[in-house]
Amino acid sequence: MAHTCIHWFRKGLRLHDNPALMAALRDCKELYPVFILDPYIYNNTLVGINRWRFLIGCLKDLDCSLRKLNSRLFVVRGKPEEVFPKLFEKWKVTKLTYEYDTEPYSLSRDKTVTTLAKEHGVEVVYKISHTIHDMDRIIEENNGKAPLTYNRFRTILKTIGNPKKPIPAPAIEDTKDVKTPCSENHDKNDGIPTLEDLGHDTTTLGEEKFPGGEQEALRRLDENMARKDWVCKFEKPQTSPNSLSPSTTVLSPYVTFGCLSARTFWWRVTEVYQGKKHSEPPVSLHGQLLWREFYYAAGVGIPNFDKMEGNPVCTQVDWDTNHEYLAAWREARTGLPFIDAIMTQLRQEGWIHHLARHAVACFLTRGDLWINWEEGQKVFEYLLLHGDWALNAGNWQWLSASAFFHQYFRVYSPVAFGKKTDKNGDYIKKYLPLLKKFPAQYIYEPWKAPRSVQQAAGCIVGKDYPQPIVQHEVISKKNIQRMKLAYAKRSAESAESPNQSPSKKQGVKRKAKSVIDMLQKKDKK
Ligand code: FAD
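Reading the values: the criteria
Residues numbered from 1 in each chain as written. Predicted model: local features only at pLDDT ≥ 70, side-chain atom pairs only at ≥ 80, totals over all residues. Heavy atoms only, no water. Near = heavy atom within 4 Å. Polar contact = N/O pair within 3.5 Å; in protein donor to acceptor, adjacent residues only side chain to side chain. Areas by Shrake-Rupley, 256 points an atom, 1.4 Å probe, with all protein chains shown as cover. Helix = DSSP H or I, 4+ residues; strand = E, 2+ residues; numbered from the N terminus. Nonpolar A, V, L, I, M, F, W, Y, C, P; charged D, E, K, R; others polar. Pairing = 2+ DSSP bridges. Axes fitted to C-alpha atoms, helices over the stretch in contact; angles between N-to-C directions. Parallel < 35°, antiparallel > 145°, perpendicular 65-115°, else oblique. Left-handed = near helix turned anticlockwise from the far one by under 90°. Contact = heavy atoms within 4.5 Å. pLDDT = per-residue confidence, 0-100. Salt bridge = Lys/Arg side-chain N within 4 Å of Asp/Glu carboxyl O. Buried < 20%, exposed > 50% of the residue type's maximum accessible area, 1.4 Å probe, protein only.

So, the site of the ligand
Around the ligand, the structure places 28 residues, and the nearest of them are Thr 248, Thr 249, Val 250, Ser 252 and His 354. Measuring from a nitrogen atom of the ligand, one finds a side-chain N or O atom of Asn 395 at 3.2 Å. Burial of the ligand by the surrounding chains reaches 99%, relative to a free accessible area of 830 Å². Going through the elements one at a time, helix 10 (252-256), helix 12 (285-301), helix 15 (354-367) and helix 17 (389-399) are the ones with two or more residues in the shell around the ligand. Of the residues contributing to the shell around the ligand, the split by class is 13 nonpolar, eleven polar and four charged.

Here it is as structure tokens:
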């Protein structure tokens, strides 16, 4: 039977390595490629303007690629459970295909939509291609639990074997017998909205450094992979948080929206490695992609993964509620230039380097402000081009030493850390031009500059730029003690009820080296 099929694009906004799209094209007479602006995911309180712009770029690019296959993208607004029954009837749909998604909301949404599809006699086909591996298989191989250390995770992967090879994008021959019936009013009724349609004031927008879309993703991948020596020598701790142009690939927004398949990325790196000496996980480029898989598995296997409460691997900490501190951090007015420059870059560009994330996340939580990591997670979710449920939650738990990383006494200095890679403070001057006339000696600590220096720089601390909201040397020592107490409480609780300890519950078989141990060892070499 020839099908009338909806391929539901959610993430996976690409044609290459899209097995669910290929499944849609099999025995298909009519294809409706659909993207739903689901208000649960896409609303202006959760998604910042930069991410909206990125998404619109992705959708335009996808529509353009579909046109080359004589098809079009339909952008529909509404809740999927309300949208689909109408579409099933309107188009007389017999098959629905989509890429599998492991986030809790997506799983419950897809369950509801699958039930509705069955009620309408619609066959449902989904394929795994957002991650390199099948997360459920990883958890199954680890006795039903998420692996809690990177080493354990890699051991499990060895039993699973190499990732599948990516598949090519459909060619025009694959769609020669397939039609996408479109009305004359397609652009008006089912077209891609503009930022203005979505209620945004675009006058505040900065330069579009990372335009969305599959074509840009593949171009960026090619550009990065052409630097063969750089790819082979890539070691994350050796890259710089405050270089003036990114020192890592900035492929993450493309991987998050699925403009770039993680498997394609993996195998392209493998090709570059062929016959050459290269770095290894956890610090290599392959290692970075495995971190992604690691946190995805954690997100699948650990209940309440994006919360402290009810999350069995997360240390319970008596975080403070301090709206003023939180707002100062979010709005880049902590008075600590390195922190404020990073938060400015995040707001303007929607991307910051991984180690810059370390600095601001540690500062917000265990280092200085003692604010719950969930608050930071929300701000990142809003401001990042590539807010990713599992990666954001996992990394925030790591940085706040709530889970995965436990050396809470190792705190990043908001002054010394940035100086290591940018003595002159050029990065600070770029993002906080107000401070650009400060001499290098004071750029990280302008409050220490004599009044005459502040006057000459045209910036008086306390008037034009804030005084630091905390004294790092004092507060960080106090916070280490508070963290020590939280850890002691956790140990006492797990001694009282050993079966409830996170490691027992989550299937850690033996004590594995922490990643920070591995990084330190690498650094020493
Ligand atoms: P590269 O260094 O070039 O790495 C290549 C790919 O590996 C990335 O595209 C990404 O998919 C993956 N990757 C790299 N580092 C990590 C990591 N630590 N964890 C998981 N995957 C990784 N990344 C997101 O994509 N979305 C988020 O919401 C997010 N939130 C974060 C929050 C905090 C507090 C921290 C510390 C990190 C967060 N990260 C997040 C992870 C990481 O910082 C970014 O993925 C990475 O810095 C993006 O830069 P890049 O594309 O140049 O990556």
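What to know about unusual backbone geometry
In this chain, Pro 281 is followed by Pro 282 through a cis amide linkage whose omega measures 10°. As for its placement among the helices and strands, Pro 282 is situated in the loop between helix 11 (262-273) and helix 12. With phi around 50°, Asn 304 is a residue other than glycine that occupies positive phi space. Checked against the element boundaries, Asn 304 lands in the loop between helix 12 and helix 13 (323-330). Of note, the phi angle at Ala 332 is positive, near 60°, even though the residue is not glycine. For Ala 332, the position within the fold is in the loop between helix 13 and helix 14 (337-349).

A word on the sheet that holds strand 4 (residues 95-99)
As summarised here, the arrangement of the five strands in space is 3-2-1-4-5, forming an open sheet in which the pairing is parallel. Of all the strands in the sheet, just strand 3 (74-77) and strand 5 (123-127) have a single pairing partner and so form its edges. The mean inter-strand angle of the sheet, taken between neighbouring strand axes irrespective of direction, is 30°. Pairing geometry for strand 4 and strand 5, over five bridges, is parallel. Bridge assignment links Lys 95 to a residue of strand 5, and that residue is Glu 123.

Notes on the packing of helix 16 (residues 373-383) against helix 17
Closest axis-to-axis distance for the helix 16/helix 17 pair is 10 Å, and the angle between their directions is 140°. In terms of axis orientation, helix 16 runs oblique to helix 17. The interaxial crossing formed by helix 16 with helix 17 has right-handed handedness. Note on element contacts: helix 17 touches helix 16 through Asn 392, Ala 393, Trp 396 and Gln 397, opposite Trp 373, Gly 376, Gln 377, Phe 380 and Glu 381.

Observations concerning the confidence of the model for the protein
Mean pLDDT over the protein works out to 94, with 95% of the residues at or above the 70 mark. This stretch, residues 503-525, has a pLDDT under 50; its non-local contacts, to residues over four places away or in other chains, come to 50 contacts.

Here's the deal with the pattern of salt bridges
This model, assessed by the stated rule, comprises 26 salt bridges. For Glu 349, the salt bridge goes to Lys 209, with nearest N and O atoms at 3.3 Å. Taken together, the positions of Glu 349 in helix 14 and Lys 209 in the loop between helix 7 (186-190) and helix 8 (214-225) put the pair 140 residues apart, joining distant regions of the chain. For Glu 349, a relative accessible area of 12% gives the class buried. Residue Lys 209 is classed as partly exposed on the basis of its relative accessible area of 32%. A salt bridge links Lys 378 to Glu 375; its shortest N-O distance comes to 3.5 Å. With Lys 378 and Glu 375 both in helix 16 and three residues apart, the pair spans about one turn of that helix. By relative accessible area, which is 27% here, Glu 375 ends up partly exposed. Linked by salt bridges that have partners in common, Asp 63, Arg 67, Arg 72 and Asp 187 make up one network.

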